[in-house]
Amino acid sequence: MKEQLPPQVLAGLFNNSLVYTGEKIKTETVYDVQQPVAINDNPVEPKAEPAEAEVHRPGKWYLGNYEKKFIVLVNDEQNVYLSEKELEFLTGILNACKMNLAHVALINFKNHPVQFRQMKKDLQPQYIVSFGITALQIELPFSMPDYQVQQYDNCAILTAPALVQLNAATPAAKAEKTKLWNSLKKMLNL
């Protein structure tokens, strides 16, 4: 089954991938291969990237623009980030919290098993909501029950069941969504 991400998600994946140098580019066919050259026929030189220590590449391991220092951790074994169905569900949760994907960093723990210490160092989060990942899995020095908002190292942390469980059409899932919503309201002062 082919799954397709919504256009806004695709745009977010490639927002830092293209570089426009300001020069008009034309292509020439040389030995049956098109190569870019500048209009003035001087070759276009690729810009050298700064040394790795100087470049922070957060786009390599999370989706979103992270405008509100809010991390969403998921654990999806079959998708790069989330299935379309769970992504729509998460978007609904974010909308209820007056946010969208531009405000968060969505990290799939399965593909990027990031630890709290690394998140704190690289992203300085104010909020972390973890779906289907325990506090111990991200190497926090404590465990906590789902839906309990825990303050630690200037960060509010909340764990919850996996999105696929919360998104089920059952009375039990509805009760879990209510618990999640109550915890998010407390966490974000909504």
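The model shown is predicted, which means the values in this text are computed figures rather than measured ones. (Residues numbered from 1 in each chain as written. Predicted model: local features only at pLDDT ≥ 70, side-chain atom pairs only at ≥ 80, totals over all residues. Heavy atoms only, no water.)

Inspection of the entire model under this criterion finds two salt bridges. One salt bridge in this structure joins Arg-117 and Glu-139, with 3.8 Å as the shortest N-O distance. Taken together, the positions of Arg-117 in helix H3 (residues 116-123) and Glu-139 in the loop between strand E5 (127-131) and strand E6 (150-152) put the pair 22 residues apart, joining distant regions of the chain. Between Lys-179 and Glu-176 there is a salt bridge, with the nearest N and O atoms lying 3.3 Å from each other. Residue Lys-179 and its partner Glu-176 are located together in helix H5 (residues 171-188), separated by three residues, close to a single helical turn. (Salt bridge = Lys/Arg side-chain N within 4 Å of Asp/Glu carboxyl O. Helix = DSSP H or I, 4+ residues; strand = E, 2+ residues; numbered from the N terminus.)

Between its terminal C-alpha atoms helix H2 (residues 84-96) stretches 18 Å, which fits the 18 Å expected from 13 residues at 1.5 Å a residue. Of the positions making up H2, those classed as buried are Glu-86, Leu-87, Phe-89, Leu-90, Ile-93 and Leu-94. Across the axial projection of H2, the buried residues extend over an arc of 160°, all falling on one side. Where H2 ends, the next residue or the one after it, Lys-98, has phi of about 60°, a positive value. (Expected span 1.5 Å × (residues − 1). Buried < 20%, exposed > 50% of the residue type's maximum accessible area, 1.4 Å probe, protein only. Arc of directions from axis to C-beta.)

Backbone geometry places Lys-98, a non-glycine residue, at a positive phi of 60°. Mapping Lys-98 onto the fold places it in the loop between H2 and strand E4 (104-108). Of note in this structure, Asp-153 is not a glycine but carries a positive phi near 50°. Here Asp-153 shows up in the loop between E6 and strand E7 (155-160).

Within the secondary structure, Met-99 is located in the loop between H2 and E4. With relative accessibility at 6%, the residue Met-99 sits in the buried group. Sequence separation of Met-99 and Glu-67 is 32 residues, and the distance between their C-alpha atoms is 9.7 Å. In contact with Met-99, not counting residues within four places along its chain, are Lys-68, Phe-70, Leu-94, Val-104 and Leu-188. (Contact = heavy atoms within 4.5 Å.)

A separate point is the confidence of the model for the protein chain. Here the protein chain shows a mean pLDDT of 79. Residues at 70 or above account for 68%. Contacts for the low-pLDDT stretch residues 16-21, under 50 throughout, to residues beyond four places or in other chains number one contact. Confidence drops under a pLDDT of 50 for residues 37-59, and excluding neighbours within four residues, the segment shows 25 contacts in the predicted structure. (pLDDT = per-residue confidence, 0-100.)

This part takes up the side chain of Lys-120. Structurally, the position occupied by Lys-120 is in helix H3. Asp-153 is the oppositely charged side chain nearest to the buried, salt-bridge-free Lys-120, at an N-O distance of 4.6 Å. The contacts of Lys-120, once residues within four sequence positions are left out, are Pro-125, Asp-153 and Asn-154. (Lys, Arg positive; Asp, Glu negative; His and termini not counted.)

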